[in-house]
Amino acid sequence: MKEKAILLLFGSACGAILAFGSYLAFPSVYARLALSKGQQFESIDDARKAMLSGSPSDRRSDGSVGLRGIVQPNPSDKIIYELRPNMTEKFEHVMVTTNSFGMRSPQIAVEKPPGTYRVALLGDSYTFGWGVEQDKPFSRVMENELNQAVGTGKKFEVLNFGVPGYATFQEVAQFFEKGQQFKPDAVIVYVISNDFGLPFFIRDLGGNNPASLVSAPTFHSARIDPSDTEKLKRRGELLRALDVSRSLIELGRHCRQEGIPLFIVVHPDSAEEGTKKRIWALHQSKTKKLFSVWSIKEDYQRLVAENLVPPDSLRLPRDHHPGPGAHRLLGIVLSQKLLAILNDPTKLPRPRAQPLRKRKDAAS
């Protein structure tokens, strides 16, 4: 389902880094990785070095690069890595260009121009636009559709923060580090059905070194003595900390405080409803008010039935990722959803009121 099944493209030098999420949804992928099952890193710094270590296979005969060739380490232990800024590389058969902030978006200023409505789009390889040309990801389609709909006098900017292989907690951490400085007027998180897997690094709770990091297969195969309640407790705490819902709640509370609408979109495939059910934060009374969930499957399927794009363009011929036709339809649907909400201000959230502080002399 998700790009983590494709992350073997990092190469053998950093294969362990990229096996984690893919193993859960695609165990067979792990068998194809040039990776020792027991490989581990003693620290995140060691893993970062592996990510950057060179290999003769990094640059291929046609001049293209693998995933390692378009990313760089990030100092944050929650973000781990990010897209390289100011790059132009051939990746997955297409040219990929990033701006100075490491986004697959046109260059923009941090300060928002007057009359501009900014949308921060968070996601993984689907959002990034894996395997489609620079102007084809649904972020670019959405931006173009919005600007055509409103005409002159107002401008939309859709900032593509998608990074291949990201889990939800990385997307949220990246937003707090990088995205919020652009003062977005709305945030959209694009969720894929296997966003619930482990990240690329995880603590080796089965070993004796609490600082050691291992791959997901190693983590899952490690046996913890049932009497070792401390390790069992740490394992539970770790898995809870990586939960999709907890990351979305953190982002939702921030957006609610700032008066920024937060929209959750689940990719419209056969697993859509199951994915929504797994995001428990969308169903609990205390947290579901933090988000608006867009159901786009019906609208997407309607556009497919109308043959607006060639059927063979809905999926890449090489893997499961959406093709340029699917990105086209997704961009249209998302732009229509946003315009419908902007035309009905009652659907936009209001900033949460700050609690009143009691004056020190209130009791006197």
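Along each chain, residues carry numbers from 1 onward, in the same order as the chain's sequence is written. Per-residue local features are limited, in this predicted model, to residues with pLDDT of at least 70; the limit for side-chain atom pairs, both in listing and counting, is 80 or more; totals at the level of whole chains, interfaces and linings are taken over all residues. In computing side-chain values, all of the structure's heavy atoms are included and hydrogens and water are not.

**As for the environment of D269**
1) Next: Secondary structure elements are taken from DSSP: a helix is a run of H or I of four residues or more, a strand is a run of E of two residues or more, and numbering for both begins at the N terminus. Position of D269 relative to the elements: it lies in the loop between β11 (262-266) and α10 (272-278).
2) Next: Between the C-alpha atoms of D269 and I192, which are 77 residues apart in sequence, the distance is 9.1 Å.

**Here we look at the nonpolar core**
1) Next: By nonpolar core is meant a set of buried Ala, Val, Leu, Ile, Met, Phe, Trp, Tyr and Cys residues that side-chain atoms within 4.5 Å join together. Buried, partly exposed and exposed residues are distinguished by accessible area as a fraction of the type maximum, computed with a 1.4 Å probe on protein chains only: under 20%, between the cut-offs, and over 50%, respectively. I188, W294 and L338 are the most contacted members of the largest nonpolar core, which has 29 residues in total.
2) Next: Looking at this core, the elements with two or more residues in it are β6 (116-122), α5 (138-150), β7 (155-160), β8 (186-191), β11, α11 (297-305) and α12 (324-342).
3) Next: Of the residues forming this core, the biggest block, nine residues, is contributed by α12.
4) Next: For this analysis, residues touch if any pair of their heavy atoms sits within 4.5 Å. In this structure W294 touches I188, F263, I264, V265, V266, K276, L334, K337, L338 and I341, once residues within four positions along its chain are discounted.

**Let's talk about the side chain of S139**
1) Next: Along the polypeptide, S139 turns up in helix α5.
2) Next: Ignoring sequence-local partners within four residues, the contact set of S139 consists of L121, V158 and N160.

**Description of the packing of helix α6 (residues 168-177) against helix α9 (residues 244-258)**
1) Next: Running from N to C, α6 and α9 point in directions that differ by 25°, and their axes come no closer than 8 Å. When the axes of α6 and α9 are compared, the pair comes out roughly parallel. Considering only the axes of α6 and α9, their crossing is left-handed. Contacts between α6 and α9 involve T168, F169, V172, F175 and F176 from the first element and V244, S247, L248, E250, L251 and H254 from the second.
2) Next: Residues that form the contact of α6 with α9 fall into these classes: seven nonpolar, three polar and one charged. Every angle, taken between N-to-C directions, lies between 0 and 180 degrees, and every axis is a line fitted to C-alpha atoms, over only the stretch in contact when it is a helix. Angle categories are assigned with fixed cut-offs, so that under 35 degrees is roughly parallel, over 145 is roughly antiparallel, 65 to 115 is roughly perpendicular, and the rest are oblique. Crossing handedness: left-handed means the near helix sits turned counterclockwise from the far one by under a right angle, and right-handed means the same turn made clockwise. Three residue categories are used. Nonpolar comprises Ala, Val, Leu, Ile, Met, Phe, Trp, Tyr, Cys and Pro, charged comprises Asp, Glu, Lys and Arg, and polar comprises the others, including Gly.

**Overview of the packing of aromatic side chains**
The geometry of two aromatic rings is summed up by the distance between their centres and the angle between their planes.
1) Next: Side-chain rings of Phe, Tyr and Trp, where Trp is taken by its six-membered ring, are said to pair if the distance between their centres is within 6.5 Å; with planes under 30 degrees apart they count as stacked, over 60 as edge-to-face, and otherwise as tilted. All told, the structure shown has nine aromatic pairs when counted by the stated rule.
2) Next: For the ring pair Y81 and Y166, a centre distance of 5.5 Å and an interplane angle of 75° mean the geometry is edge-to-face. Separated by 85 residues along the polypeptide, Y81 in strand β3 (residues 81-83) and Y166 in the loop between β7 and α6 bring together distant segments of the chain.
3) Next: Considering the side-chain rings of F91 and F128, the 6.3 Å spacing of their centres and the 70° angle between planes classify their relative orientation as edge-to-face. Of this pair, F91 sits in strand β4 (residues 88-91) while F128 is found in helix α4 (residues 125-128), placing the two residues 37 residues apart along the sequence.
4) Next: For F128, a relative accessible area of 0% gives the class buried.
5) Next: Ring-pair connections join several aromatic residues into one group, and the members of that group are F91, F128 and W130.
6) Next: Here, over-ring charges are defined by two tests on the NZ atom of lysine or the CZ atom of arginine: distance to the ring centre within 6 Å, and angle to the ring normal within 35 degrees. The aromatic ring of F128 is capped on one face by R104, whose charged end is 5.1 Å from the ring centroid.

**Considering the sheet that holds β7**
1) Next: The strand order β7-β6-β8-β11-β12 describes an open sheet built from five strands, whose pairing is parallel. The strands lining the two open edges of the sheet, one partner per strand, are β7 and β12 (292-294). Across this sheet, the average inter-strand angle for adjacent strands is 25°, counted without regard to direction.
2) Next: Two strands pair if DSSP finds at least two bridges between them. The sheet contact formed by β6 and β7 spans six bridges and is parallel. For V119, the partnering residue across the bridge sits in β7 and is V158.
3) Next: Against the sheet, α12 engages β6, β7, β8, β11 and β12, with an angle of about 140° to β12.

**Regarding the pattern of salt bridges**
1) Next: Whenever a carboxyl oxygen of Asp or Glu lies within 4 Å of a side-chain nitrogen of Lys or Arg, that contact is scored as a salt bridge. Enumeration according to the criterion identifies 14 salt bridges in this entry.
2) Next: Across the salt bridge formed by K112 and D185, the nearest N and O atoms sit 3.0 Å from each other. Here K112, found in the loop between β5 (94-97) and β6, pairs with D185, found in the loop between α6 and β8; they are 73 residues apart in sequence, far enough to count as distant.
3) Next: Accessibility expressed as a relative area gives 23% for D185, which makes it partly exposed.
4) Next: Across the pair D135 and K136 runs a salt bridge whose closest N-O atoms are separated by 3.2 Å.
5) Next: A relative accessible area of 33% means that K136 is categorised as partly exposed.
6) Next: Because the salt bridges share partners, they merge into one network encompassing D299, R302, E306 and K337.

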